[in-house]
Structures are given as structure tokens and as C-alpha cells.
Amino acid sequence: MNKVVLAYSGGLDTSVIVPWLRENYGCEVVAFVADVGQGAEELEGVEAKAKASGASECHVVDLKDEFAADYIYPSLKTGAVYEQTYLLGTAMARPVIAKAQVELARKVNADALAHGCTGKGNDQIRFESCYAALAPDLTVIAPWREWDLSSRESLLAYLAERNIPCSASLKKIYSRDANAWHISHEGGELEDPWCEPSDEVWTLTCSPEQAPDEPEYISLAIEQGAVVSVNGEALSPLKCLEQLNKLGAKHGIGRVDIVENRLVGMKSRGCYETPGGTIMMYALRGIDELVLDKMTRSWKTQLSEQFAQLLYDGRWFTPNQASVLAAAESLNQVATGEVVIKLYKGNVTVTQKCSPYSLYSEAFATFGADNVYDQKHAAGFIRLYSLSSRIRALKQAAKV
């Protein structure tokens, strides 16, 4: 092994992985840091930290716009929600990170890729499935599946023995993952599903109890399944998301507490904050209500479930993903319009909606007279619709 590109965060695990790779593989380590919107504080000093731990180079790559436009917005068009609750913020970021990591590996002529995912979680599968699709020729190193370091104490001792500086401490209550779409929380009291999350868990959103006592109304313009403006201001996908994150966080929008089924077979509990994404999801559903007929909407629900599963399972770079996205793109050709949303103490309510492709007509839905529906016709329809039940009942009566 000559050169390894490591997906590096600057946290304790990857700080240990840099010297561990050098010692155990005798290789040069290039640190790769993906900026997917986790915040300036998370990235501060990360280059110096990587080099201090032994990396020959550290590349910080800004992926925020690509993440929003090419991963978040296409996923939104499918309506994907994992197990009816989770908006897939962690899973959604993995393919854009893995793709950029592979691109850097090609650029620096590396012969291996490495990550800091544990052997118990979903992320190892997500990263390595992407590597397999994009760079099957590169060796993959997963230190957590190889080394004998098994605790936070052992990791800190490893760095101390080598005089490598680290700001981490023995006490780490929560494991968090943040990006432009969301922030996730695991660990601490959340490991017991009987414990309600404390105020210390939530870091992005205001609690609904402490949110403003007055509701706020916002207007979103949507074009073919994509939110393109907020309150009349045209914005890029990333800027739309950032604006809605601020508005949603202020009103306590987007908190989720779920015990989910991991791909590796075990259940885990996670708390997620997705304020802007929750608002977007409600807005797009509001337009779907207007423009999709019953069977088409049912079909989109099936696509949503399929896409949520494949995204959660790390199958972004697959024909399955491409086919579902193509179907969603087709369905969203008519998903254009305007939605007014009410934000109030953790609740998102679509109060107004319109679309040039709306199938709703007040003239047809009214109880008054119209030119397209003769109420007398309903009798024949009902008789045919319920014919199987009628036949079953008649046969049962004949046996008595």
C-alpha cells in the first residue's frame, strides 16, 4: 500500500486512524474532508489537525451546493421517508462524500480508500457500496474492523503515547452527525427508549414549548417538484434550504425520535432535527394533492418507499436508483405551483395551495349542479363496485 485517502472528520476516531494507517500499512495518508454544511465550527483548524496527526496533505472540499442540488432535491422529488419518520439526512450525504473521496484518490494517484465507520453501523455499508460502484479497483481499509482498540479510553491513550495533540476528552455523551439537511443524535440517555430526550440532545431547533406564541406564514414557489423561492425570493437549492432551516428551527419544526431498523440487523434509536427539509416535504405533498390522480399518487407512494429503502441501504449508484429517480422526475413534471405554510410550535400546516396543473375544480366538487357529473350515475357505479360483495352475500344466504 503506497497512498491512502482517508475520509477525515477531525474527530477522535479519524485522528487515530491517520497514525494507525501509517504504522500498520506503511503508507502515506491523505486526509479528505467533505464540507456538506456541518458548520464552520466543525471545520475550524481541521487541516492543521490532520497534518499534526501525520497526514501528508489535507483537502477540504466544498460539496454543499452539489449535495443540495444533486442529492437532496432529487430525493425530495421521490418523497422518500424511511420507516414513515426519518428524512434520511445521514444516508443522503454519504454518496456525495464517497464520490468526492474517490475523485480525490484518482487525482493524487492513491491505491486505497479508508473510512472511520464502525462495524456495527449503516455507514460502512453506504461508503463501501459507493466505493464498489465507483472505484472497484481501489483497496478499502476499515480500521474499526481490524484494530484492537475498543474504547474511547484506548483511542486517547493511543494518541497520548505518540504525543499527537487531541482536544477530545474521555466523556462524550452523544454521537452527532450534521450537514446542510439535518443533524442526528445518538448515545447517552437515548440508548434507553424509555427515556425522553433531554434538552441537551437538541442543538438545532427551538423546543415547541419555547417557540414563538404567534404563527408565521411563509410562501414557497415550486417548479417540477423543486422549491425555487421562499417568500418571493428566488434562491438556489442550498439557499432555499438554509433559509427554511432558520425559519423552521425558530418554530421548533422537524424534531424526530425514532427506533429504526439498521441494515446490519439491529435496532437503534436516533433523534433527528430536519427543520427546512420537513417544511419542503409538506410543501411538495401539498402540490401532489392537487396534481396527482388517485392511482398516480398511490404509485408515487410505492416509489417513495422503494427510494427510502435503497437510499438508507447505500445503493445510490445503482440502476435501481436511476430508475426510481427517472419515474419520480416524470411524476414531477406537473408538480408546479405555490404553497402557503403555517409554522407554529412544532407544527407545519399547508393552508393554501394552487397549481396550473391542478385536477381540483370547485365547479365539479360542489354539491350544486354541474355539467360533468350526474349524481344518478353513481347508482350503477356503486352496484358494479360492490358486485362481489353482493354475490358473496347471496351465496351465503342460499346455504342457510
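Quick note: structure is the one above.
The notes below deal with the structure included here. (Residues numbered from 1 in each chain as written. Predicted model: local features only at pLDDT ≥ 70, side-chain atom pairs only at ≥ 80, totals over all residues. Heavy atoms only, no water.)

## Section: the pattern of salt bridges
At step 1: Enumeration according to the criterion identifies 20 salt bridges in this entry.
At step 2: We note a salt bridge from Lys99 to Glu66, for which the minimum N-O separation is 3.3 Å. With Lys99 in helix α5 (residues 89-107) and Glu66 in helix α4 (residues 64-78), this residue pair connects regions lying 33 residues apart in the sequence.
At step 3: Across the pair Asp177 and Arg94 runs a salt bridge, and its minimum N-O distance is 3.2 Å. Of this pair, Asp177 sits in strand β6 (residues 175-178) while Arg94 is found in helix α5, placing the two residues 83 residues apart along the sequence.
At step 4: Given a relative accessible area of 8%, Arg94 falls into the buried group.
At step 5: In this structure, a network of salt bridges that share partners links the residues Arg94, Asp123, Arg126 and Asp177. (Salt bridge = Lys/Arg side-chain N within 4 Å of Asp/Glu carboxyl O. Helix = DSSP H or I, 4+ residues; strand = E, 2+ residues; numbered from the N terminus. Buried < 20%, exposed > 50% of the residue type's maximum accessible area, 1.4 Å probe, protein only.)

## Re the packing of aromatic side chains
At step 1: Counted by the stated rule, this structure contains 10 aromatic pairs.
At step 2: Pairing Tyr82 with Tyr312 gives two aromatic rings, centres 3.7 Å apart and planes at 5 degrees, and the pair type is stacked. Highlighted residues: Tyr82 in the loop between α4 and α5 and Tyr312 in helix α10 (residues 294-312), separated in sequence by 230 residues.
At step 3: Measuring from ring centre to ring centre gives 6.3 Å for Tyr86 and Tyr312, while their planes differ by 85 degrees; the resulting arrangement is edge-to-face. In this pair, Tyr86 is assigned in the loop between α4 and α5 and Tyr312 in helix α10, connecting sequence segments 226 residues apart. Side by side, Tyr86 and Tyr312 carry an identical accessibility label, which is buried.
At step 4: Here a set of aromatic residues connected by ring pairs shows up, and it is made of Trp20, Tyr25, Trp144 and Trp147.
At step 5: When the ring centre of Tyr282 is taken as reference, the NZ or CZ atom of Arg285 above it lies at 5.7 Å. (Phe/Tyr/Trp six-rings, centres within 6.5 Å; stacked < 30°, edge-to-face > 60°. Lys NZ or Arg CZ within 6 Å of the ring centre and 35° of its normal.)

## Looking at α4
At step 1: Compared with the 21 Å implied by 1.5 Å per residue over 15 residues, the 21 Å span of α4 between its first and last C-alpha is a close match.
At step 2: A bend of about 30 degrees at Ile72 is the largest found in α4, and the proline Pro74 appears one to four places after it.
At step 3: For α4, the tally of buried residues reaches 11 of 15 residues, placing the bulk of the element in the interior.
At step 4: Those residues of α4 that fall on the buried side of the exposure criterion are Lys64, Phe67, Ala68, Tyr71, Ile72, Tyr73, Pro74, Ser75, Leu76, Lys77 and Thr78.
At step 5: Within two residues after α4, Gly79 carries a phi angle of roughly 75 degrees, on the positive side. (Expected span 1.5 Å × (residues − 1). Bend = angle between axes of the 7 residues up to and from the residue.)

## Some thoughts on the environment of Ser53
At step 1: Relative to the assigned elements, Ser53 resides in the loop between α3 (46-52) and β3 (57-62).
At step 2: Under the relative-accessibility criterion, Ser53 is labelled buried at 3%.
At step 3: Along the primary structure Ser53 and Gly10 are separated by 43 residues, whereas in three dimensions their C-alpha atoms are 9.7 Å apart.
At step 4: Excluding its chain neighbours within four sequence positions, the residues that come into contact with Ser53 are Tyr8, Ser15, Val18, Pro19 and Ile164. (Contact = heavy atoms within 4.5 Å.)

## Focus on the sheet that holds strand β7 (residues 183-186)
At step 1: Spatially, four strands are ordered β6-β7-β12-β11 in an open sheet, and the strand pairing comes out antiparallel. Pairing within the sheet leaves two strands with one partner each, and these edge strands are β6 and β11 (255-261). Sheet twist, expressed as the average angle between the axes of neighbouring strands with direction ignored, equals 25 degrees.
At step 2: Judged from the three bridges that link them, β7 and strand β12 (residues 267-273) form a sheet pairing that is antiparallel. Note on β12: the bridge partner recorded for His185 is Cys271. (Pairing = 2+ DSSP bridges. Axes fitted to C-alpha atoms, helices over the stretch in contact; angles between N-to-C directions.)

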